[in-house]
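Single-letter residue listing:
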Amino acid sequence: MKAKAPWLATLATCAIALSGCSTPTKITADPSAPTYGTIRISTGISEETALIATIYSQALQEAGYTTELVDTGTDRAGYLKAMEQEHTPEPTPENNEDTPYNDPNTVDITPDYSGNLLLYLTNDGKFSPAYIQQERQKISEENPNAMYTYGWGENDQAAGEESVPTAQEYDPNLDQLTPQNNETPPQSTPTPTPTPTGLNAKGLSDNEIINAIKQVLPFGLSTLKPASAQNRDALVITKATAAKYQLKSLADIAQHCKELTLGAPESFKHRSYGLQALERYYHCVPKNFRPINSQEKLSEELASDNVHIADIFSASATIEDNAYTVLEDPAGIFISQQIVPIVRAEELPQSAREAIDSVSSRLSSTDLTEFNRLTSGHGAISNEDVAKFWLKTSRE
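Reading the values: rules and limits
Residues numbered from 1 in each chain as written. Predicted model: local features only at pLDDT ≥ 70, side-chain atom pairs only at ≥ 80, totals over all residues. Heavy atoms only, no water. Salt bridge = Lys/Arg side-chain N within 4 Å of Asp/Glu carboxyl O. Helix = DSSP H or I, 4+ residues; strand = E, 2+ residues; numbered from the N terminus. Buried < 20%, exposed > 50% of the residue type's maximum accessible area, 1.4 Å probe, protein only. Disulfide = S-S within 2.5 Å. Arc of directions from axis to C-beta. Contact = heavy atoms within 4.5 Å. Polar contact = N/O pair within 3.5 Å; in protein donor to acceptor, adjacent residues only side chain to side chain. Pairing = 2+ DSSP bridges. Axes fitted to C-alpha atoms, helices over the stretch in contact; angles between N-to-C directions.

1. Focus on the pattern of salt bridges
Enumeration according to the criterion identifies 11 salt bridges in this entry. Between aspartate 108 and arginine 344 there is a salt bridge, with its nearest N and O atoms 3.7 Å apart. Here aspartate 108 is found in the loop between helix H3 (76-83) and strand E3 (109-113), whereas its partner arginine 344 is found in strand E12 (residues 339-344), with 236 residues between them in sequence. Overall, aspartate 108 belongs to the buried group, its relative accessible area being 0%. Residue classification places arginine 344 among the buried residues on the basis of a relative accessible area of 1%. A salt bridge links glutamate 320 to arginine 373; the nearest nitrogen and oxygen atoms lie 3.9 Å apart. Placement of the pair is glutamate 320 in helix H10 (residues 317-321) and arginine 373 in helix H12 (residues 365-374), with a sequence separation of 53 residues. Under the relative-accessibility criterion, arginine 373 is labelled partly exposed at 23%.

Okay, structure coming up:
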């Protein structure tokens, strides 16, 4: 639980940063919202998505809705499963049921990162959306009661798994959700080739990533408008290391890489944009690799020169606060990571969608950096206070 230390002065100094790139947008209260029931929002896979979920919650409350934040764990399988749960019918005088309107295990909205979500749904890019759609159709034809198993691995550690798309028996407790955007499932297609078509994630634009996600999400789920805000992987170094080796870009590190120790989350060893991409696109095989999952610890080790290069997320306040140098990525190995709302496609009323879109239209990468600064370290501010402040200042 983060402390609610005195924060007004701190927030005041951040007002310009949090609102400078925003578009004034008003959230209009919907008189019919109270009749909908509770909108449940997953806190997602990280502390940052938990804060974004809090902003969604407060925006929906402005529109007149009752909301609830739900902890679905830190892996994508958890929130995707929760989003496929069936809503319980609303009690009526006729059925005289005491069951609440919404199943407590059901989630309606989850904020996520576009690039890593796509990689999760495509087995780290091993399968293209077209191939996945073919497999879904094939499974459906072979067994109408089977469901396509999306995603691979636990806690987003999909890479390195040699699994292939599979089917599981239909669970009658789950809803037969209609295809997203009222689309029908893909029609009969030729049997796919034995070798799955891969996804060239490195070459995808922001829009292409979002469109690909829509193709491979479980039926019944879709996306709302993504924010421009991004928090992607970045390889950073200290000013001293940059000067010593004359480094500005990842393209500069090939001749020095064998002298340098790289610190990064353990998954970096296996991910398509990790060590293998460094070797393939930049001819870099580090002297040592130190698996460090804590971003705070990574920064400490970098500042102490125990690691020379660190994989620190681009919106981390530690980059600016420590004057680290972000190495340019001319080959584009680090996939785009926009904040994107995942929703139950047929569930949310239009006014609720508009409230979330209002948030996305204003949320910037600079905001994410300020959020990180305000909610970490000594005297950290609660998500609720930061969300309230941002919603107010971002439209002034």
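After that view of the structure, there is still more to cover.
2. Brief notes about the state of the cysteines
Counted under the stated rule, the structure contains one disulfide. Sulfur-sulfur distance for the disulfide between cysteine 257 and cysteine 284 comes to 1.8 Å. On the criterion of sequence distance, the pair formed by cysteine 257 in the loop between helix H7 (239-245) and strand E8 (261-264) and cysteine 284 in the loop between helix H8 (275-282) and strand E9 (288-291) is long-range, its members being 27 residues apart. The same class applies to cysteine 257 and to cysteine 284, which are both buried.

3. Some details on helix H9 (residues 295-303)
For H9, the set of buried residues is Gln295, Leu298, Ser299, Glu301 and Leu302. Burial along H9 is one-sided: seen end-on, the buried residues are contained in an arc of 165 degrees. Among the exposed residues of H9, those pointing more than 90 degrees away from its buried face are Glu296 and Ala303. Against strand E7 (235-237), E8, E9, strand E10 (309-311) and H10 lie the buried residues of H9. Where H9 starts, the residue carrying a side-chain oxygen 3.3 Å from the main-chain nitrogen of glutamate 296 turns out to be serine 294. Looking at the residues trailing H9, positive phi occurs at aspartate 305, about 65 degrees.

4. Some details on the environment of valine 340
Take valine 340: it is sitting in strand E12. According to the relative accessible area criterion, valine 340 is buried, its value standing at 0%. Spatially, the C-alpha atom of valine 340 lies 8.3 Å from that of threonine 110, the residues being 230 residues apart in sequence. Not counting the four nearest positions on each side in its chain, valine 340 is found in contact with Tyr56, Thr110, Pro111, Asp112, Tyr113, Ser114, Ile210, Thr223, Leu224 and Pro226.

5. Digging into the sheet that holds E8
Ordered by their spatial adjacency, five strands build an open sheet running E9-E8-E10-E7-E11, and the pairing between neighbours is mixed. This sheet does not close on itself; its edge strands, each paired only once, are E9 and strand E11 (325-326). As paired strands, E8 and E9 are joined by four bridges and run parallel to one another. Paired with threonine 261 across the bridge in E9 is asparagine 288. Strands in contact with H9 are E7, E8, E9 and E10; relative to E10, the strand with the most contacts, it is inclined by about 170 degrees.

6. A look at the pairing of E12
Among the six residues of E12, six are classified as buried, and the element is accordingly described as predominantly covered. Pairing of E3 with E12 involves five bridges; the strand directions are antiparallel. Residue isoleucine 109 lies in a different strand from E12, and its bridge partner there is valine 343. Here three bridges tie strand E6 (residues 221-223) to E12, and the two strands are oriented antiparallel to one another.

By themselves, these observations are geometric and do not establish any function.
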